[in-house]
Structures are given as C-alpha cells and as structure tokens.
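This is what each chain is made of:
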Amino acid sequence: MTRTAIIGGGISGLTLALLLRDKGHSVRVFEASDQPGGAIRTTRSTDGWMAEWGPNTIIESSGRIKRLVSMLDLEERRRYPDPTAKKRYIVRDGKMVAVPGSAGGLLSTPLLSTSAKLSILREPFRRRSRNDHDETLADFVRRRLGDEFLKWPIDALVGGIYAGDPERLSVRHAFPRLALLEEQHGSLILGQIKGGVRRPPGSDEIPRNKAEIFSFDDGLQVLPDTISNRLGDAVSFLTPVKKITFINGNTGTGESADVHEQRTGDTSPTGAIPPADRPQRWRVQVDDPLEPPQDFDVLIYAGTSYGLSDIDFPETLAPLLDPVTEIPHPPVVSFTMGFRRSDIAHPLDGFGMLIPGIEGFPILGTLFTSTLFPNRAPDDGHVTLTTYMGGSRQPDIAGTDEEEQAGMVVSSLRKLLELSGEPRFRHRILWSRAIPQYETGFARFLTLMDRAEQEHPGFYLAGNYRTGISVGDTINAAFDLAERIHQEES
Ligand SMILES: Cc1cc2nc3c(=O)[nH]c(=O)nc-3n(C[C@H](O)[C@H](O)[C@H](O)COP(=O)(O)OP(=O)(O)OC[C@H]3O[C@@H](n4cnc5c(N)ncnc54)[C@H](O)[C@@H]3O)c2cc1C
C-alpha cells in the first residue's frame, strides 16, 4: 500500500487525502493549525449571526465538484443562493449600477459611456496579441476594449476576485479564459457568441455562465469539516511540518537508510536526482521533538507558497522551492457586519457590489451575504454584509486598526447603501497574506514547480498558488493530481 503524506489540511490537501484514500493509499495529513479548512472557516454566534472568514461561496465549475459533495453525502446540506441574489452591482460616479445581464443591456447601461459602448462593437476587429507575450490584464483590456472598461468593470472585478491589481496580473495566468477566447476566436465578443472557450473532449467543466454557486446550511466550513471527519485519525492538527529528508534503502526505521540532506556533488547537472538514486522514502519531521520522524512513499505539499520557507527541504529541492515563496499575497480584511434591515434603504437585491479603485472608496466591495443565504442573520429583520478591504490596491488600509477600519466600512456603506444605523454584529479577520497573485512572470514559478516534481519522483505540489485561486479550482486540481499520482505511483 502506498503511504502518502500530505502537508496542509486546507481544501486542497483534504480533497487529495480523501481521493487518494479511495484509490487505496494510506494517507496522513499534517495540519499546522487546530482545525481543517485553511482559508475556509465559518463563525456562528449564539444569537443567530454567521460570518465566513475567507470564501463565502464555491462555484460549481465542474461535475467533479458536484461529485465531491455527493461523495460526502452533503447534497441535503448544500444551499444555492436565493434567486433574488443574481444581480451584481458596480459603483460608478458614487452610485451603484446593476451589471447588465444581456448584450442588449450592455448597450443601454449607465455603467459605460457611449464611446466605451462603441468599443464593444469594434472589439472583434482589434489585433491579437503576440502569443509569446506575457501581457498584463490591464494592457489586454486597454488593447481590446479601451481604458474605461479597465477603470470600471475590470478593476472592480479584479478587486473582487484577486484583491489584485490589473496592471500587475498576467492575463494568461490570472484570467486564462480571456486569453484563450482571444487565442481561439480572435475576439472576446465573438468567442462568447460562439460558445466560449473550447473544452477538451471528455471535460466535465461547466461553463461559467451556467455554473451555480453554493454554500452549506452551516456555512462553507461544513465541507472541510466533513472531509476531515471522514478521514478521522488520518488528519493530525497542530502538527506543522518542519523538515523533509529523502532516504534510500528499504527501511521504515531509518536504521540502515541513506539519508539525503546535506549532500553535494551527487546530483545531475540540473540538480535532478539520478534515476538510480530515486528516493525510496520521504521522511517527515514535525515541529515536536517528541514525535519521531515518519517515512512515506509519496509526499504532497499542499500548504501555502510562502509557507514553503518554514520547512527545511533537502538541498536539491530547496533552490527550486525558495523562489516560489516570493509569489505575492497582499493583505485583505474581511469585515462582516450585521444591521437592522430597516436601517438600510437599499433593497440589497443582489449578490453584492464591487468598487473600482477610481471611485476612491476605502473598500473593495461588499457582499449582501444574507440576501445570498438568509440564515446568515437572525430572522427578526436583520441582514449581514461582508466587506473586503486592502488587497494590492490599498495594502496600507489592511494594516490600520480595527476601529478605524470599521469606521471606513460604515461610512462607505452609509454613502452607497443609505445605511443609517450602527452595526449590531461585527466579525473581522485580517488575512495578512490572503490570495496568491498570478502576476506577469508567473511562468517562472510554474517552471520551478514542474522541475521540483520531475527531478524528485514521489514529490508533488498542490494548492491555490499553482492551479487557480478559487475553491473550485483547488478541488478540480485535486481530482487531476490524485489521478496523476495514482497512475505514477501504483
Ligand atoms: C478573504 C478570502 C476570500 C476568498 N473568497 C473566495 C471565494 O469567495 N470563492 C472562492 O472560490 N475562493 C475564495 N478565496 C480563495 C480560497 O479560499 C483559497 O484559494 C482556497 O481555500 C485555498 O485552499 P488551499 O487548500 O490551497 O490552501 P489553504 O486554505 O491556504 O490551506 C493550506 C493549509 O496548509 C497548512 N500548512 C501550511 N504550512 C504547513 C506546514 N508546514 N505544516 C502543516 N500544515 C501547513 C495551513 O495551516 C493551511 O491550513 C478566498 C480567500 C480569502 C483569503
């Protein structure tokens, strides 16, 4: 039986553990914190408020995500948003404007000026980019649709998804579908009309415009909690991994093992482990001197990219992984506040609002969380709103103190939603390193990660710093990787 160690009990590591166990591996998950889920965590107060720390919803972007929910018998507990929550707002000139749901609506929306609307008609005739060029999202949008598109809808969207900066994000890596639409159809508009990005044969991907979003009755934490419960003793909490060594020889005790940690001169010129020298075991040492090291056939790192620097890796791996720790993660504050419904004049009839930087607000946007899922506020006439601050746009704001931040959130909501009362519930979490930014030059990180795997058989890297930042991306990637590991290791 293949013995597999997984470092990190976020959704990537847990999904991998579940899938590999189903494929016959003996798995062990090492999680540094005291609970499963990583960025996914839910707080419920005794008086009926609910707040998510990180993600609020998962997009059902493939059949595999549905399959995971059904493998866990969670269908009954899955909650799709209230149908009234479809509308999305973007702020323009200090006012909330509903994002048009159709092409016709796009031509009449006050979100864009007449000249920006005309640029939509010109878009199919714009030149394509050179294929080899790692273009920023900002340059891509300016080239295809013009500056106004960039400053309002795109800047707002990027703040909402990445808490990022379109002038730095790589269109190819951060928004691959946009780049592919241009590559495959020569135009974003024509590409959409022709059915979007072509899916490979056999793909179970659900097109974005058809994919639904969901959560669970008690919030998103239901998902990692359920996986962790299924895995039982295979998940160890409060066990940060500190050191990895690889050993040759067939001993589980390490007595006659050839331990590789500080060797020089016995690797290939590229730093690869020569095939004959393929490690038989990965030795994992946790940050507890009383815990003996444990040996595994397969090692999966499913932590964060910056967390790689907390682990002492063998010397052929370290130079490949060290640069990966530099993937930027700007800070984000997530502030959930509860209000009396009657204190807000706006109908809150949608998913939420996004605010482009040019509008000058100190917040990135606000989700109407109890419109999405009514059970997030006590049912006696209350609502919750979750507001995000900081990101690449305003990293300094994330560093200000909580009261100052609360003041900024409330004053923004007063202007935008005509809020009159004070919050009756508050939950704030600072993510000092929130979401990995796939900026231009990201390909070099991918190359290093590929090399780390190719040159160290039995070693794998998983997580939101590699294969997409959404929870849906991480689940899809876990299915792909579990299959690959099963093929390669059995
Ligand atoms: C504020 C915020 C809002 C978001 N909103 C959304 C959203 O609405 N929708 C969406 O789809 N996505 C959203 N995301 C992104 C999404 O939540 C993450 O990308 C995803 O959950 C990452 O999962 P992961 O398992 O790859 O990493 P993580 O969740 O970061 O898990 C990594 C785990 O590894 C552990 N670890 C690290 N190093 C070690 C070590 N040495 N030893 C042991 N354990 C270790 C950590 O403790 C952690 O538990 C949001 C993220 C944030 C922060």
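What you see is a predicted model; the values in this text were computed from it and never measured.

Trainee: So, the overall build of the protein: which residues are in play, and what are the values?
Mentor: Assigned secondary structure in the protein consists of 16 helices and 21 strands. Relative to the 2.2 N^0.38 estimate, which gives 23 Å for 490 residues, the radius of gyration of the protein is 24 Å and therefore close to what a compact globule would have. Seen through its C-alpha atoms, the protein measures out along the principal axes to roughly 75 × 55 × 40 Å. Burial statistics for the protein: of 490 residues in total, 56% are counted as buried. A distance of 7 Å separates the average location of the 56 positive side-chain charges in the protein from that of its 66 negative side-chain charges.

Trainee: Could you give an account of the sheet that holds strand β10 (residues 235-236), with specific residues and numbers?
Mentor: Reading across from one edge, β10-β2-β1-β15-β21 is the order of the 5 strands in this open sheet, with parallel pairing throughout. Each edge of the open sheet carries a strand with a single partner, namely β10 and β21 (459-461). Sheet topology places strand β1 (residues 3-7) next to strand β2 (residues 26-30); 5 bridges connect them, and they run parallel. Bridge pairing in β2 places Ile-7 opposite Phe-30. Contacts from helix α16 (residues 471-489) reach β15 (298-301) and β21 within the one sheet, and its direction differs from that of β21 by about 170 degrees.

Trainee: I'd like a description of the site of the ligand, backed by residues and values.
Mentor: Inspection of the region around the ligand gives 33 residues, with Ser-12, Glu-31, Asn-464, Ile-469 and Val-471 positioned closest. At 2.5 Å, a backbone N or O of Ile-469 approaches an oxygen atom of the ligand. Within the complex, 87% of the 1000 Å² of free accessible area of the ligand lies under protein. Elements represented by at least two residues in the shell around the ligand include exactly α1 (11-22) and α16.

Trainee: I'd love a proper account of α1, names of residues and values included.
Mentor: In an α-helix, one full turn covers 3.6 residues, which means residues spaced three or four apart are oriented alike. End to end, α1 covers 17 Å across 12 residues, agreeing with the expected 16 Å (1.5 Å per residue, within 8%). Listing the buried residues of α1 in full gives Ile-11, Ser-12, Gly-13, Leu-14, Thr-15, Leu-16, Ala-17, Leu-18, Leu-19 and Leu-20. Where α1 terminates, the next one or two residues include Gly-24, which has phi positive at roughly 100 degrees.

Trainee: Which residues make up the packing of α1 against α16, and what are the values?
Mentor: Across the interface, α1 lies against α16 with an axial gap of 9 Å and an inter-helix angle of 35 degrees. You can see that α1 and α16 cross each other, and the crossing is right-handed. Here Ile-11, Ser-12, Thr-15, Leu-16, Leu-19 and Leu-20 of α1 come into contact with α16, specifically with Val-471, Thr-474, Ile-475, Ala-478, Phe-479, Leu-481, Ala-482 and Ile-485. Across the contact of α1 with α16, the residue classes break down as 11 nonpolar, 3 polar and no charged.

Trainee: Explain the pairing of strand β13 (residues 281-286) residue by residue, including any values.
Mentor: Taking burial as the measure, the 6 residues of β13 include 5 buried ones, the bulk of the element. Note that strand β11 (residues 241-248) and β13 share 6 bridges and pair antiparallel. Bridged to Thr-245 within β13 is Arg-283. Bridge count between β13 and strand β14 (residues 294-296): 3 bridges; the pairing is antiparallel. Along β14, the bridge assignment pairs Val-284 with Gln-294.

Trainee: Go over the pattern of salt bridges with me, naming the residues and quoting the values.
Mentor: Within the structure shown, the criterion is met by 39 salt bridges. Across the pair Asp-165 and Arg-168 runs a salt bridge whose closest N-O atoms are separated by 3.3 Å. With a relative accessible area of 37%, Arg-168 lands in the partly exposed category. For Arg-426, the salt bridge is made with Glu-403, and the minimal N-O distance between the two is 2.8 Å. Taken together, the residues span a long stretch of sequence, with Arg-426 in strand β20 (residues 425-431) and Glu-403 in helix α14 (residues 402-417) at a distance of 23 residues. Judged by relative accessible area, which is 33%, Arg-426 ranks as partly exposed. The exposed category is assigned to Glu-403, whose relative accessible area is 52%. Through salt bridges that share partners, Glu-123, Glu-135, Arg-143, Arg-144 and Glu-182 make up one connected network.

Trainee: So what about the packing of α1 against helix α10 (residues 222-231)? Which residues, and what values?
Mentor: Relative to each other, α1 and α10 sit at 40 degrees, their axes nearing to 10 Å. Classified by the angle their axes make, α1 and α10 are oblique. Handedness of the α1/α10 crossing: left-handed. Residues Ile-11, Leu-14, Thr-15, Ala-17, Leu-18 and Arg-21 of α1 pack against Leu-223, Pro-224, Ile-227, Ser-228, Arg-230 and Leu-231 of α10.

Trainee: Account for the packing of aromatic side chains, with residues named and values stated.
Mentor: With the rule as written, the count across this model stands at 12 aromatic pairs. On the basis of an interplanar angle of 65 degrees and a centroid distance of 6.1 Å, the ring pair of Tyr-162 and Tyr-438 is categorised as edge-to-face. Taken together, the residues Tyr-162 in the loop between α6 (147-161) and α7 (171-174) and Tyr-438 in the loop between β20 and α15 (442-454) connect sequence positions 276 residues apart. Look at Phe-246 and Trp-282: their rings are 5.6 Å apart centre to centre, the planes differ by 80 degrees, and that puts the pair in the edge-to-face class. Highlighted residues: Phe-246 in strand β11 and Trp-282 in strand β13, separated in sequence by 36 residues. A network of ring pairs unites the aromatic residues Tyr-162, Phe-175, Tyr-438, Phe-442 and Phe-445 as a single cluster. Over the aromatic face of Phe-351 sits the side chain of Arg-88, whose NZ or CZ is 3.9 Å from the ring centroid. Here the guanidinium or amino end of Arg-92 rests over the ring plane of Trp-152, the centre of that ring lying 3.6 Å away.

Calculation rules
- Residues numbered from 1 in each chain as written.
- Predicted model: local features only at pLDDT ≥ 70, side-chain atom pairs only at ≥ 80, totals over all residues.
- Heavy atoms only, no water.
- Helix = DSSP H or I, 4+ residues; strand = E, 2+ residues; numbered from the N terminus.
- Rg over C-alpha atoms; globule rule 2.2 N^0.38 Å.
- Buried < 20%, exposed > 50% of the residue type's maximum accessible area, 1.4 Å probe, protein only.
- Lys, Arg positive; Asp, Glu negative; His and termini not counted.
- Charge placed at Lys NZ, Arg CZ, Asp CG, Glu CD.
- Pairing = 2+ DSSP bridges.
- Contact = heavy atoms within 4.5 Å.
- Axes fitted to C-alpha atoms, helices over the stretch in contact; angles between N-to-C directions.
- Near = heavy atom within 4 Å.
- Polar contact = N/O pair within 3.5 Å; in protein donor to acceptor, adjacent residues only side chain to side chain.
- Areas by Shrake-Rupley, 256 points an atom, 1.4 Å probe, with all protein chains shown as cover.
- Expected span 1.5 Å × (residues − 1).
- Left-handed = near helix turned anticlockwise from the far one by under 90°.
- Nonpolar A, V, L, I, M, F, W, Y, C, P; charged D, E, K, R; others polar.
- Salt bridge = Lys/Arg side-chain N within 4 Å of Asp/Glu carboxyl O.
- Parallel < 35°, antiparallel > 145°, perpendicular 65-115°, else oblique.
- Phe/Tyr/Trp six-rings, centres within 6.5 Å; stacked < 30°, edge-to-face > 60°.
- Lys NZ or Arg CZ within 6 Å of the ring centre and 35° of its normal.

Distances and angles like these do not, on their own, reveal function.
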